[in-house]
Structure formats: C-alpha cells, structure tokens
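Each chain, letter by letter, is given below.
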Amino acid sequence: MGNFCSISIPCDKLLSGCLDFTFRKAVYISKIKENVNDLKIAAEELTDLHNDVTRRVKVEEEQQLKRRDDVQRWISRAEAAKDKANELLGKGSQEIERLCLGGYCSKNYKSSYRFAKEVDKMLRDVADLKANGDFKEVAGKVPAAPGVPRPSEPTVGLDSTFNQVWTCLREEKQVGIVGLYGMGGVGKTTLLTRINNESLKTLDYFDIVIWVVVSKDLKLNTVQESIGRIIGCSDDLWKNKSLDEKAVDIFNALRRKRFVMLLDDIWERVDLKKLGVPLPDTNNGSKVVFTTRSEAICGLMDADKTVKVNCLEGGDAWDLFRKKVGEQTLCGHPDIHKLARDVASECGGLPLALITIGRAMACKKTPQEWRHAIEVLRKSASEFSGMGDEVFPLLKFSYDNLSKQKIRTCFLYCSLFPEDFLINKNDLIDYWIGEGISDESDDREVVVNWGYDVIGCLLHACLLEDKDDCVRMHDVIRDMALWIASDIERDQQKFFVQTGAQLSKAPEVGKWEGARRVSLMANDIVNLSETPNCSNLRTLFLGSIHLNKISRGFFQFMPNLTVLDLSNNISLLGLPRGVWKLVSLQYLNLSRTGIKELPKELSELVKLRYLNLEYTHSLYLLPHGVISCFPMMRVLRMFRSEDCILSRDESLVEELQCLEKLNMLTVTIRSAAALERLSSFQGMQSSTRVLYLELFHDSKLVNFSSLANMKNLDTLHICHCGSLEELQIDCNLAQVATTERPFRSLSSVYVENCLKLSNLTWLILAQNLTFLSLSNCPKLVEVASVEKLPEVPELVENLNPFAKLKAVELVSLPNLKSFYWNGLPLPSVKDVRVVDCPFLDKRPLDTSRAGQ
C-alpha cells in the first residue's frame, strides 16, 4: 500500500481569502460603467493633446528643425494608447449589458473582470501620457553636418595646382586665407569642388567644410544663410535676425571648430568679420579658400597666399578635348585626328572652351565638318555652337565688372591686334592717348601712369596676360572682345577686324565703311586702290600688310580718323598727297617703313600729337618747316631715322624748339655740338627719352655732364664712334651726385663699336641702370675705374654702383679685365652673357653668389 500525505488548512482562513478575492473582483466589475465613461473623456483629451503636439512638430520641422526623441516616443505611445482605448470603448456597451445584481455581478463574470482590469490600466496609462505631454520644446536645431559632397568630374591638368593648395591647407600653418584667381572658365570652381570633396574624405583634420557660392551680386545676408544651413541655423526666426545677430550665432558656432570655408566666385571684398566667421590663424587651424577672376580681390581679401589657375598646357588641353569628343569620332577618319588638334589649339587651353567645342564636335564625322569648324573659329568664333550663348556670356562678366567705361574701351582696343600678338605696353598707351581715351594732360608721366594703371586693372581681371614689357590677349578672350565690339555693342563700338587672315586685297569697302575702328594687320594687301567713304572711322591699323602703294584718294573721306598705323611696311615708299585730308589725325605711325620722303602737305595736320618715324632708314627728305607745324605735338619718335638726325646742321634743333608741348623725344645725334645744343634747351632736357649717339668721328672726348640733366632719359645708345676715347664728367656734377640724382631715369645703355673707348666710369652715377650691353670695344679695360672718378671722396662712400643692374651683355671685349673695383657680386644681376672676354674677372657677375 502507498503512503499518504495530508495537509491541514483551517476552514475559516480559506473562507476569508475566497471572500476577499471575490469582493475585489466585484469592485472592478461594479466600476465598469463609470470607468468606460471616464476612459472616453480621457481618450478625447489625449487625442486633442496628441494633435496639438504633432501640429507643433510639423511647424517646427518646416523650419528645418528636428523633432526631439522624447517627443517622438510620446507621440508613438499616445497613438498606441488611442488605438487601444478606442478598442476598449468599442467593447464597453457589450460589457455593460452583461452586468446584473446592481452592477456587482456579470452574466459572464470572467470576461467582465478581464475587461474591467484593462479599462482600469488604460485609464492610468492615458493619465500618465497626459501628464507627460506638456512639452516646452518639441524640436531643436539640426546638428551641424560636416559638409556636403558636391557633384564633380575628374580634373584634368589641375593636379599641381590642387597639390599646392592642399599643402597650404594641411601643412602651412601660417597660411590662413588662400586666393585662387584666373580668367573665367579656367577651372577655379572645379578645383574648389575637388578641395571640398577631398576635405570631407579626411574629417580627421577639419571638423566642418562650408561651401558658399558668393557670385557677382554680393549680399552678406544671403552668404550668412548659406553658412547657417551648414551649421544648423536656418529657421525663419533666425533668418529674421539682424546681420549682427546672425554674425554672433555664426561666430559662436564656429569659434571652437576647425573649419575650412570655401567661397566660390567673389567679385568684391567679403568682410569675414561682418559675416561672423572667425579669422583663420595658427591657433584655430581654420582656413578660408576663395575663387575670383581678379588678382586685386586677393589683396582686398588679405590672402596669405595667392595661386593663379592657368590655362591647360598642350598635352593636358588635348587630353580634355579628346575626352569630350570621344575616340569613336576621332578614329572615324584618318584626317580627323590632326584636324582635331587644330581645333583644340584654337581654344588656347581654356577648359570651358575645350569642353564646349569638344562636345559640339563629338558628332562631326567627316573631315569637311572639322575644316569648316576651324574656319568658323578663326573668322567668327561667336557663330560656333555654344560659344556665343555659353562661353562668351560667362567670360563677359569680367568685362562688365570693369569699373569704368574707359577701361572697357581700352580692353576692347586690344582686340584690334592679331591673335597671340605681343603688344608693347608703352605703344598701347600711345594708341589710347591718340584715340583720346585718356584724360587730357600735358604731363607725359601722368598719362603714362594712367595707362599702366589701366593695364594693371586688365591684368588683375585676367583679361590680359603679362609678358614683361608687353601684354597679350588670350585667344578666347580676344574672340569674346570682338564679339562684344562687333555684335553686342555694335552701335557704340563698330569694330571691323580681319587680322592675320591672309588677305591679298582689302575687304570690300561696303563691309567696313560704317566702322569706327578697323584693323587689317598682318595680311598681304599690297595695294590700297579704292576711295572709301568712312565718316565714322577713328582708328585704322594697316601695319605689317606688305603695303607698297596707297591711292591718292584713299584718305579723302576720313574726316574723323584719329589714329593711323602704317608701321612695318618696308615696301611703302611714300604717302599720297591726299594725306592732308586727315584733318582730325592725332596719331601717325610710319616706323619701319620704306618711306623716302614726307609730303609737304603733312604740315596741314595741325592736330597731330604723335608722330613715329623710327627706323625709317630710307627717309632722306624731311621738308624744312614741317616738324614745327605741329603745335599739339606731344610724342616725336625719330630714333634711327635717316633724315631726322641732329648733326652740325642745327635747323632740326631749331624746329624742335617750336614744339612747346613736346614731352617725349627719341632721336639720333651725330655730333658733340648737336648734343650740346639739344641739351641746352630746357624743353629738350625734359622730353628726351631715347638717344642714339653715333659716328662722333671728330670727337675724342665728349662731356656727358649735359646728359645727366635729362631727367627722363631712359635709353642711351653709343655706337660706331671710332674716335671717341673718353666720356667725361665734370667735378661739379660729381659733387652734385652726392645729394641729387643725375641720369635718374636711365635704365638701359648700349655701347658698341667704339674702338678707342677705354672706360665707362660715368655709369656709376646711373643708379637706376638695369640693363647694360657692351660689345666690340677693344680698348676697354675696366667698365668703371676708381682712378677715373673725380676727386670727391663722398662720391665713393655714398654711391652703390650697379645696385639695380639685372642683365649684362659683354661681347668681344678682348682687353676687359674688371667690371668695377669692388669684386663682390652685384646683388640684382640675374642674366649674364659673356662672349670673347678672355681676361675678365667674372666674380661681380657670378649670379650664384649674388645676394650672399
């Protein structure tokens, strides 16, 4: 038999527990009706509160704010509670109908008890949600993103420039602000985009990368809003703040961060302080990089480093062009490859033009189409697909941004010269003066300074390229200028330009009769036989066209012609008598022509201000009295002109004295007497700029003291003076040199074929000398000899000989032993050419030791 276990429970306790449990259930059930009514009210209140919170969240999110996480959790819980409450309320009427015995019992006791408990719990949950749904803020500012990657294409030919800028950002702590400048379409924005994207890949260095497009119409508020979107300040409330209030917010957001700010396309100074941007320094490690078309803006922005973004070199330009055209087109015909290179060369390495033209040529499958493209690009680039409506309008922003109309006119004037032509800066200024573009002034220095300022403005705007003493216009910029002058501003400018077009005869008169400025330079127009009616014509460029004949009536109907350039026509032997009809002419350039005589009728041109007869080696007749008939003459250039020579016949000197307004003279002199006579006139002392002294056969000694007072003498040639042994300086002049500056403007000296000249000690007084050329002077032993100095002790102590000398040529000087008595290297010499000087001590000319 098994074992039994017995448990003894007192009956009174058991009965008491059962009654207590039954009573609690009865209480739950008895409150069903009341609690359902309460839940209905509570659910409605929760719904109202939920709607209010979600509405507030929606408004804040429209202001670019982010809903708070606790608010989102509450909304989710409230929505779940609403659904559960509605479910319970839907069952409520059924459960109430089951109640009996005064509501303390139910026909389905178990179901009613379970329902009662759920309603009770829901009331507590809804009460909790209502209590926690009173939010002061439902959203906050979006945390600042590190930056935004920008769409980009692989860069071509910009690696070295990128590396240069990248080094500034990562390694050069002293560089805080970097300026990238260059002409429009050269790739500055492409380069800045690469900097943006590369910076975002390496956020271990910068906390935040900020990109702002500034553009031409600078508005600080707009720039601040662009910054605000990156740092998380972009709601309407913030936008409505004042400039200063937003600046404070930006400053506080950035002052503890290491940021790089990229400002694209700025046209004027952007005040970083007004924006609220902390200035980069070595402590905060932040950087600012901007792009601009103007080098001047780099200075206004206090850039620590400026980097010019240049056009692409040949190989890189071809790679970019080839990529846009596509190999399928390039390989479609054997001739296309070479033609494509010709088309690419017309772009001058400008990426914008390479891309635009490359895309346009991608569908051209025949050599004929490519040849036609070359012809269009060379004759009228604006007619090529994409150039007139995409490339030129973008480049024109630089033209429009020039501060004055005169500067814009000067820029367009440069397009009169042939493609790739090196335009001498001083010659260009003289053209502007002749046209009357410059401000009126009798002071040559004032006008030249104005001209160099204009050239500087165009260089800084990247509309011209600097080439030492010359400037050059980029091919595409020139095409854009012609597009403006011939199409956009046709009514004001009216240019007609066909330079380097291999023309064998002048264009039909009807094509250019209404023009204001005409250039036919660099052609093969041998004969000008027509009689054009050009009442509006002001400038006519006919240089370097192989001209040998001009018809008598050619100039008959050009009453307003102001500038006439016939230079570099060596076959042109004379001017037509009808030249006197040019009653408005102010500028006449006959240099390097074969002209043998000037017509007497030239004296009728009383408004003439500029006359260039330089290198007219065939000119044997300059009618007496013609030169003195030009009362307005400012510039007279007669350097190396055969009949415009000052010798023992002083008649020409007398005529020069009549030119009271003359401020620039270049002339050849063949006697010491003529030199003395010329330098004795005050006007000649100030106006003489270039002297060519030759064939002083009757002079062993020439006193150079008279030249010392020519305050504007820039260039001096001493040539073929076979008898000349010494160039003497007065002691008085040497004494004056200790306090004043003789030869103060002299920068270039050429001495050649002076067979008896033994020294040039006077050169030590030329403190601004930059170039010296000495050749075939067999007696020259020392350039400057201490023994030849006047006995003025202060002279040696106070002068710093050849301190500014940059270039030296010494050729065929068989006895030259020393340059000057001090053997130390000349500090500024960079370029030295020494040929056939076997005994020369070269230490002063050692460029490797200069500056030590």
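Residues numbered from 1 in each chain as written. Predicted model: local features only at pLDDT ≥ 70, side-chain atom pairs only at ≥ 80, totals over all residues. Heavy atoms only, no water.

Within an unreviewed UniProt entry, the label attached to the chain reads Disease resistance protein, and the organism entered is Populus alba x Populus x berolinensis. UniProt annotates the chain under Sequence similarities (unreviewed entry) with the comment "Belongs to the disease resistance NB-LRR family." (UniProt positions renumbered as here; feature names shortened; annotations may be inferred.)

**Student:** I keep staring at the overall build of the chain and nothing clicks. Help me out?
**Tutor:** Helix and strand counts for the chain stand at 28 helices and 31 strands. Here the analysis covers contacts within the chain between residues at least 6 apart in sequence; of these, 65% occur between residues at least 24 apart. (Helix = DSSP H or I, 4+ residues; strand = E, 2+ residues; numbered from the N terminus. Contact = heavy atoms within 4.5 Å.)

**Student:** Would you mind showing me how to read helix α21 (residues 475-488) here?
**Tutor:** With 14 residues, α21 extends 18 Å from end C-alpha to end C-alpha; this agrees with the ideal 20 Å at 1.5 Å per step. For α21, the buried fraction is high: 11 of the 14 residues fall into the buried class. Restricting attention to buried positions, one finds in α21 the residues D475, V476, I477, R478, D479, M480, A481, L482, W483, I484 and A485. (Expected span 1.5 Å × (residues − 1). Buried < 20%, exposed > 50% of the residue type's maximum accessible area, 1.4 Å probe, protein only.)

**Student:** Where do I start with empty space enclosed by the protein in this structure?
**Tutor:** If you roll a probe as big as a water molecule over the atoms, it shows you where there is empty space left. According to the stated counting rule, one finds 5 cavities of 30 Å³ or more in the structure shown. By volume, the largest cavity is sized at about 200 Å³. Elements with a minimum of two residues in the lining of the largest cavity: α19 (425-435) and α20 (444-460). Considering each element in turn, the lining of the largest cavity owes the most residues, 3 residues, to α19. Classifying every residue of the lining of the largest cavity gives 4 nonpolar, 6 polar and 6 charged. (1 Å grid on protein atoms, 1.4 Å probe; cavity = no way out; pocket = protein on both sides within 12 Å on 5 of 7 lines; lining within 4 Å. Points joined across faces, edges and corners; volume = space filled by probe spheres on them. Nonpolar A, V, L, I, M, F, W, Y, C, P; charged D, E, K, R; others polar.)

**Student:** Would you explain the layout of surface pockets in this entry?
**Tutor:** Considered as a void within the structure, the second largest pocket measures approximately 1,100 Å³ in volume. Forming the walls of the second largest pocket are 36 residues, and the residues nearest its centre are R378, K379, S380, V497 and Q498. Counting only elements with at least two residues in the lining of the second largest pocket, the list comes to α16 (367-379), α21, β13 (495-497) and α22 (509-512). Residues belonging to the lining of the second largest pocket are distributed by class as follows: 14 nonpolar, 9 polar and 13 charged.

**Student:** Please clarify how the packing of aromatic side chains should be interpreted in this entry.
**Tutor:** Between two aromatic rings, the relevant description is the distance of the centres plus the angle of the planes. Under the definition given, this model contains 24 aromatic pairs. Aromatic pair Y413 and Y431: ring centres 6.4 Å apart, planes at 35°, arrangement tilted. You can see Y413 sitting in helix α18 (residues 405-413) and its partner Y431 sitting in helix α19, a full 18 residues away along the chain. Judged by relative accessible area, Y413 falls into the buried class, the value being 0%. Connected via pairs of aromatic rings, a cluster forms that spans Y413, F417, F421, Y431, F541, Y587 and Y610. Here the guanidinium or amino end of R194 rests over the ring plane of F162, the centre of that ring lying 4.0 Å away. Residue placement shows K216 over the ring face of W267; its charged tip is 5.8 Å from the ring centre. (Phe/Tyr/Trp six-rings, centres within 6.5 Å; stacked < 30°, edge-to-face > 60°. Lys NZ or Arg CZ within 6 Å of the ring centre and 35° of its normal.)

**Student:** Looking at this model, I keep getting lost on the packing of helix α17 (residues 387-400) against α21. Mind explaining?
**Tutor:** When two helices pack together, their arrangement is given by the angle between their axes and by how far apart the axes lie. Here α17 crosses α21 at 95°, and the two axes come no closer than 10 Å. Considered as vectors, α17 and α21 are oriented roughly perpendicular to each other. Contacts between α17 and α21 involve M387, G388, V391, F392, P393, L395, K396 and Y399 from the first element and V476, I477, D479, M480, W483, I484 and I488 from the second. Here the contact of α17 with α21 is composed, by residue class, of 12 nonpolar, 1 polar and 2 charged. (Axes fitted to C-alpha atoms, helices over the stretch in contact; angles between N-to-C directions. Parallel < 35°, antiparallel > 145°, perpendicular 65-115°, else oblique.)

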